[in-house]
Every structure is written in structure tokens, then in C-alpha cells.
Amino acid sequence: MRDRLIFASQLGFTLLVAAFLVVPVVLSITAGVTVNYFRGIQSGVTLQWVVQVWNLYAGEIGLSFLIAFATLAVTLVVGVPAAYGLHVKGGRLSRVIEEIITLPLAIPGLAIALALLLTYGGFGGFRQSWLFILAGHVVFTMPFMVRSVMAVFASVDIKTLDEGAASLGASPWTRFCNVIVPNAMPGILAGSLMVVTLSLGEFNLTWMLHTPLTKTLPVGLADSYASMRLEVASAYTLIFFIMIVPLLVAMQMFAEKGETK
Amino acid sequence: MSAVAGHGASVHIQNCGKTFPDGTQALAPASLDIVSGETLVLLGPSGCGKTTMLRIIAGLETPDAGGRVLFDTTDMTAVPIEQRHVGMVFQSYALFPNMTVAENIGYGLKIRGVDKSVRAARVAEMVALTNIGGLENRRIDQLSGGQRQRVALARAVAVRPRVLLLDEPLTALDASLRDRLRSELNSLLRSLGITAIYVTHDQAEAMELGDRIVVMRKGAIAQIGTPREIYFAPQNRFVAEFVGAANIVEGPVAGGRLTLPGGWLALDNAADNAAAVAMIRPETIGIVAEADAFLRGTVESVAFIGDRQRLVVTGAANQPLTVDAPNTINVRAGERVGLSVTPQAVRVLPKED
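Here the structure is a predicted model, which means the values were calculated and not measured. (Residues numbered from 1 in each chain as written. Chains lettered and ligands numbered in written order. Predicted model: local features only at pLDDT ≥ 70, side-chain atom pairs only at ≥ 80, totals over all residues. Heavy atoms only, no water.)

A few points about the sheet that holds strand S2 (residues 25-34) of chain B
All names here are of chain B.
Now for step 1: On the basis of which strands lie adjacent, the open sheet formed by four strands has the order S2-S1-S4-S5 and antiparallel pairing. Of all strands in the sheet, those with a lone pairing partner are S2 and strand S5 (74-75), marking the two edges.
Now for step 2: Sheet analysis places strand S1 (residues 11-19) next to S2, joined by six bridges and oriented antiparallel. Bridge pairing in S2 links Thr19 to Gln25. (Pairing = 2+ DSSP bridges. Helix = DSSP H or I, 4+ residues; strand = E, 2+ residues; numbered from the N terminus.)

Written out as C-alpha cells, the structure reads:
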């Protein structure tokens, strides 16, 4: 009897917390398909706001994904070898470099953006292209890739595996492809998941770096909240949600498959 | 040439030392020649420099300036490990978790561009040689420690290396398995006739496997010799005590006799010495009637081990003597006994600082 009471109260509490988090999401989504939010759902259900957002912001959505996957590509190409180098080399210098790479986690995005603007703001072509935002996202997401890959390296004794492959005649590049990358896969997948998610949702830094022609999803969202009807902004959230959730689920499944393989 | 035999290269280490960036000297400059087809064991306690020596031969460490490593007559000092054509078995095995057993064994051949059918045949041969039939398609994490050790060995030998390097390959296994694999490994190395360099801290392993043993201590070579030489004629106290059990006795030598608190021992052509140090192996000391011996003592304890009994005898020398006696004789603690030792069994050691 007492156990059931405890269980019931725990369940109740959990549901309450979940509701606290889920209800705003549901409200926001329903607002996006309501004709007039202030009159409530009885005013009717419509897709006009969603269509309007799509017409206005399709470019931002496309750019967001372009930047997210470009960021992923750069963090993979630079971050995985960097993690390997830092792990194998070891020593104080490696730790210092690791700390420097991790620094953007502690520094506000605004400050990073400001530094980028001060330094590269004068290069007009670069400043006005989406590559400028890409640079910011790479700086911001790199530690997540490097750290999660290094964590795997530390757990599988990658240095000895590397020496084993070397003793069998494999050149450094062959070793990297045949032994290092396959065995670092769980870390690479986890890191990729983080990088894509963070890049898609990044606001602080992007808001500072964007131009009217280089806006991403979250910047567009802020834009619509500030300047348009609440229903439009909510429809925006709905689109954001629909785009991101399947992507996250797909990557999560991919990551699990990689780990159990 | 038979499928797996091949004598491999001779290895010459000339003046190879290793000082790490933080200034610690892991290995004092040392020279060593390893004959083609020989199994050489580097033996010593941890931190003695044996693994550093192996890694220099492998090409995983570069020796300090002035050191050279030669395979036959070719200078390999600047050649990276992947071009040295060695086979290496690591203490942790370093098997690739992302490949099956067969893929692990065939990896070195694949790297060398060996044709797929030839590769499969060689892998099958290695599987048979190391007795791991049926495990070919297993993943590494599905193998026991002993099976992993065999796979690691098969993988290293599959490429027909010029030199086989083994870094404490049995240390990670439990004792009974270690004994069995040790004798298997021994017959495998003999049948391959390959040049092998084997690092261990276990003197029983060194005795069984080594054609010659290099005993190392604190980054330097303490003695090089056959197992018998190392055991019966240690050149210093460290080797005597590290390899096997040893009684170290001290006393003056005059006229071919070593005088001890409980009597004296006859020596083989020993120079007079006011303070000599000598070694006697426990199994070379015979227990005789007190009246028949020139050296006497009191039995302090008797431990029956099965195949023999281990006695501790006090009063004979400056330290209690350990004696391995046959399991048939009847002695009790507290009894007075005589000790007989042939002159050949008493080894006078050089005086050390």
C-alpha cells in the first residue's frame, strides 16, 4: 500500500514536470495553426501562417541546414585529426591547446562574435557571405567534436592500436582510416549529433554575425517574433520543430547503430 | 622454403641509450647482438629499461644520438616501424576491435597488397598453427584472454617478419593459462626458427623461452648469458637474487675455505679475501648428519611443498639459509643438522658498493 502511494506520487510529480515542459510546446504549436490566437482555437484551424512563413523564410531554413552541415564537415575534417594528434602527443602543450579549443564554451557567444567582427569585419566579401557565420559556428562547436572524440580515444587505448597497425606495416594515413576512425566512431557520431544540433539552434553569435541576406532559422524566428503576428512566429516554431525532430531522431538511430555494431 | 619457417634477420644494437624529454634516462647506452633465429629474452623488474630497448628495436622509440639499430647489415635507425618488417605482440594485444579475428590476422598481408586468395590461405594456416580454429569470424570482444593472445601472435607471425618482438605477451593471463601458453609459445618459436626478442619480468618465462637471457637493471645490462649461465654463474648479487632463489652468505676466504658462523665451506680456486660474498642455491644444499658436516645449523622451520620441502636453517651463516630438501627425509624444527655443499655450488660474487 505504502509502496503504491510512493509510486503514485512519483509518477504524479514526473507527469507534472513533463507537463510543465511540454504544455508550452503544444500551445506554441497550436497557436501556429489557429486563425486568431486571442480568440482561441474556436476561431478555426488554418495552415495560412505556415504557408506565409515558408514563403517568407524558406531561404533562412535552407541556409541553416547548409551552415549546419558545412559546420559538421569542417569540425570532422579538422576536429578528428586534431583530437588524435592531441591524444597521441600528450603533454602540457596538448593540454593547453585543448583548453584553448574549449574556451568558446565559457565565453559568451556575443563576445566571440564581437571578436570575429573586429578582426574580419573589414573583409567585405567574407563579412557579407554565409561563410562568416560558418566561421563562428565552427569556433563554437569545435570543442564538442574534439572532446567527444578524445573521450573515446582515452577509453580504447588508441595509441597501442595505432602502434599495432604500424607494426603490421600500415602507413600513418592508412592507420588513420583503418583503425583510428572506425574505433573512434561512437565519439564521432556523438560529436556530430551535438555539432548539427548546436549549429541549427545557435542564436547569440549568429544574431551578431548575420546580415539581412544571411539569416538562419533562429535569427528569422527572433525577427518574426519581433515584427509579426504571434501566429506567424508560432507557425515558425512549428516548422522548426518539424524540421529538427526527424533529423535528431535519424542521427540518434544512426549513432546507436554505430555503437552496437 | 616452408610456409612459416624463415630465420629472420640478425639484430645489432650499437650504443643505444634513451633519455626522455623530462631528463630521465630510461636506458644507458648499451650494445647487443642477436643472432639470426635466436630467441633472446630481456628480463628485469619494471623500470629496468627492457621495454624501452624493445621499442627501440621495433622503431617505436628513437635512440639518443649516437645509437644505431641494424637488421643484418642494414642500418634501420631512421626507418619507421611500418617499414621495418617486424612482427609485434603487445602486452594489451592491441587487436583491432573493429575487425574480426580473421581480418586481424590478415591485416598485415592486406596492407602489403597480398592477393585475397593467398591471404585467406595464410590466415587459415595461422589459425591452425595457433590453435584457434572456429574463431575466425568472432569479434575481438567475444574472445577470452588466452584466445586474444593467440590471435595477437598469429597476426604478428602472419607477415613472416624479419624479427618477432614480444612485449610481456603472457603477463595479462592467469597463472595456469600462462604456464600452458608458455610451453606452446616455446615450441612455436622453435618450429618457426624466427629471430625473436621477448620482454618479461618473469624469470621462469625467461628460463624456458630464452636461448639467451639479458638481465637488466636500472636502465643497464646486468648480465648476458644462457639460462644455465645466468642461473648457475650469476656475475653479481642482483642477478643471483633476481633469477631463482638464492642464499647470499658473507665471510672471509682463506686457503680455499669460506668461513661462516656455523663452520666452513670448501671453494673452487678462490682467492683469499677478507670479506667475500657468495651465493648458494637452495637445492644445492644437502642435509646430512651433524657429525658428518663441516657446516652446521639449527632447523628453524620446515615447509612441506609436495615435490620437496623448504627448510630454513639458522646459525650456519650470517643470515638464515633456505634449503630445498627432498620430500623423503625426516627433519623437524629445532633439530641440529649438518649442511653439505659441493665446492662448485658456491659461487663467489664480486664485491659491490
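Overview of the confidence of the model for chain B
Now for step 1: The pLDDT averaged across chain B works out to 90; a share of 98% of its residues lies at or above 70.
Now for step 2: Throughout residues 1-5 of chain B the model reports pLDDT below 50, and contacts reaching past four residues in sequence, or to other chains, amount to eight contacts. (pLDDT = per-residue confidence, 0-100. Contact = heavy atoms within 4.5 Å.)

Brief notes about the domain arrangement of chain B
Residues and elements named next belong to chain B.
Now for step 1: When the domains of chain B are assigned, the result is domain 1 (11-238) and domain 2 (247-349).
Now for step 2: Distance between the C-alpha centres of domain 1 and domain 2: 40 Å.
Now for step 3: Counting from both sides, the interface comprises eight residues of domain 1 and, opposite them, eight residues of domain 2.
Now for step 4: Where domain 1 abuts domain 2, roughly 680 Å² becomes buried across the two surfaces, and 52% of that area is made up of carbon and sulfur atoms.
Now for step 5: For domain 1, the biggest contributors to the area lost against domain 2 are Tyr231, Pro234 and Arg237; these three give 75% of the whole.
Now for step 6: Scanning the region where domain 1 abuts domain 2 turns up one salt bridge.
Now for step 7: If you look at where domain 1 meets domain 2, you find four residue pairs in polar contact (both at pLDDT 80 or more).
Now for step 8: Its residues assigned to classes, the side of domain 1 that touches domain 2 shows five nonpolar, two polar and one charged. (Domains from an automatic or database assignment. Buried area = accessible area lost by both parts, 1.4 Å probe. Salt bridge = Lys/Arg side-chain N within 4 Å of Asp/Glu carboxyl O. Polar contact = N/O pair within 3.5 Å; in protein donor to acceptor, adjacent residues only side chain to side chain. Nonpolar A, V, L, I, M, F, W, Y, C, P; charged D, E, K, R; others polar.)

Here we look at the side chain of B:Glu38
Residues and elements named next belong to chain B.
Now for step 1: Inspection of the secondary structure assignment puts Glu38 in the loop between S2 and strand S3 (39-43).
Now for step 2: A polar atom in the side chain of Glu38 sits 3.0 Å from the backbone nitrogen of Val35.
Now for step 3: Once residues lying within four places of it in the same chain are set aside, the contact partners of Glu38 are Asp33, Ile194, Thr195, Ala196, Asp211 and Arg212.

With respect to the packing of aromatic side chains
Now for step 1: Applying the stated rule across the entire model yields eleven aromatic pairs over all chains.
Now for step 2: Consider the rings of A:Tyr84 and A:Phe153, whose centres lie 6.2 Å apart with planes at 70°: the pair is edge-to-face. Highlighted residues: A:Tyr84 in helix H2 (residues 48-89) and A:Phe153 in helix H6 (residues 130-156), separated in sequence by 69 residues. Both residues of the pair, A:Tyr84 and A:Phe153, belong to the buried class.
Now for step 3: Put simply, the rings of A:Tyr84, A:Phe153, A:Trp173 and A:Phe176 touch in pairs and so form one group of aromatic residues.
Now for step 4: The ring centre of B:Trp264 lies 3.6 Å from the NZ or CZ of B:Arg257, which sits over that ring.
Now for step 5: Looking at B:Arg281, its charged tip hangs above the ring of B:Tyr231, at a distance of 4.1 Å from the centre. (Phe/Tyr/Trp six-rings, centres within 6.5 Å; stacked < 30°, edge-to-face > 60°. Buried < 20%, exposed > 50% of the residue type's maximum accessible area, 1.4 Å probe, protein only. Lys NZ or Arg CZ within 6 Å of the ring centre and 35° of its normal.)

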